[in-house]
Amino acid sequence: MDIVIPMLIVLATVLAMEWVAWASHKYIMHGFGWGWHRDHHEPHDNILEKNDLYAIVGAAMSISMFALGSEWVLGADAWWPATWIGLGILFYGIIYTLVHDGLVHQRYFKWVPKKGYAKRLVQAHKLHHATIGKEGGVSFGFVFARDPAKLKAELKRQREAGEAVVRESAGA
């Protein structure tokens with residue numbers, strides 16, 4: 001099998017997972033799944049959060065795709081692209097863990113970026129956490145971050161429209 005097609009599938013999956021993560025974060029985690037996500041937005045001293053259960057959901061998605069692509073599991077009915085989709089989901093999960101949990105929330109290492117895209121990612125996610133509760137909010141993605149000035153303006157608009165309660169420290 002030519003390696004170019006599988007590599008394109010992996011890359012396309014990693015890119016598509018940012019949209020899946022954005023939609024899941026906005027409509028599930030800040031919707032009916034708020035019960036698992038709430039503690040991520042509240043101060044605590046716990047090593048783990050209920051929110052970490054979402055990582056298990058992501059792992060189950062990846063494992064399911066590996067199973068669908070496996071001849072060991074499905075025999076002749078295996079769908080070969082599923083293996084590469086599963087690998088793309090796995091890679092996105094690793095990127096998410098390093099960027100969101102590691103860089104932004106500093107769960108694994110302590111480094112505060114002073115410039116560049118890493119700083120923008122941290123700023124965008126800090127602005128996501130500027131709201132109190134599940135209503136409103138900005139920056140639901142994890143890897144692609146909008147301009148922090150535009151995010152602050154959106155938070156200000158949401159606060160003035162009564163769509164979100166914004167923490168005073170957010171400066172919006």
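This structure is a prediction, so every number in the text was calculated from the model and none was measured.

Undergrad: Honestly, the packing of aromatic side chains in this entry has me stumped. Any pointers?
TA: Here a ring pair, both rings aromatic, is described through the centre-centre distance and the interplanar angle of the planes. Within this structure, the stated rule accounts for three aromatic pairs. Between W22 and Y27, the ring centres sit 5.9 Å apart and the planes meet at 80 degrees, which makes this aromatic pair edge-to-face. With relative accessibility at 31%, the residue W22 sits in the partly exposed group. An angle of 90 degrees between the planes, with centres 4.8 Å apart, marks the rings of Y96 and F142 as edge-to-face. Note that Y96 is positioned in helix α5 (residues 81-104) and F142 in the loop between β1 (131-132) and α7 (148-160), a separation of 46 residues in sequence. F142 carries the same exposure label as Y96, and that label is buried.

Undergrad: Any chance you could explain the side chain of E18 here in plain terms?
TA: Mapped onto the secondary structure, E18 falls in helix α1 (residues 4-32). For the buried E18, which has no salt bridge, the nearest side chain bearing the opposite charge is R120, at an N-O separation of 11 Å. Looking at E18, its side chain comes within polar contact range of the main-chain nitrogen of F144, at 3.2 Å.

Undergrad: Is there a simple way to explain the environment of H125 in this structure?
TA: Note on placement: H125 falls in helix α6 (residues 116-128). Exposure remark for H125: the relative accessible area of 4% places this residue in the buried category. Considered as a pair, H125 and A145 are 20 residues apart in the sequence and their alpha carbons are 8.0 Å apart. When neighbours within four sequence positions are excluded, H125 is seen to be in contact with H25, H40, H100, V104, H105, S139 and F142. Among the polar contacts made by the side chain of H125, one reaches the side chain of H129 at a distance of 3.0 Å.

Cut-offs and rules
- Residues numbered from 1 in each chain as written.
- Predicted model: local features only at pLDDT ≥ 70, side-chain atom pairs only at ≥ 80, totals over all residues.
- Heavy atoms only, no water.
- Phe/Tyr/Trp six-rings, centres within 6.5 Å; stacked < 30°, edge-to-face > 60°.
- Buried < 20%, exposed > 50% of the residue type's maximum accessible area, 1.4 Å probe, protein only.
- Helix = DSSP H or I, 4+ residues; strand = E, 2+ residues; numbered from the N terminus.
- Lys, Arg positive; Asp, Glu negative; His and termini not counted.
- Salt bridge = Lys/Arg side-chain N within 4 Å of Asp/Glu carboxyl O.
- Polar contact = N/O pair within 3.5 Å; in protein donor to acceptor, adjacent residues only side chain to side chain.
- Contact = heavy atoms within 4.5 Å.

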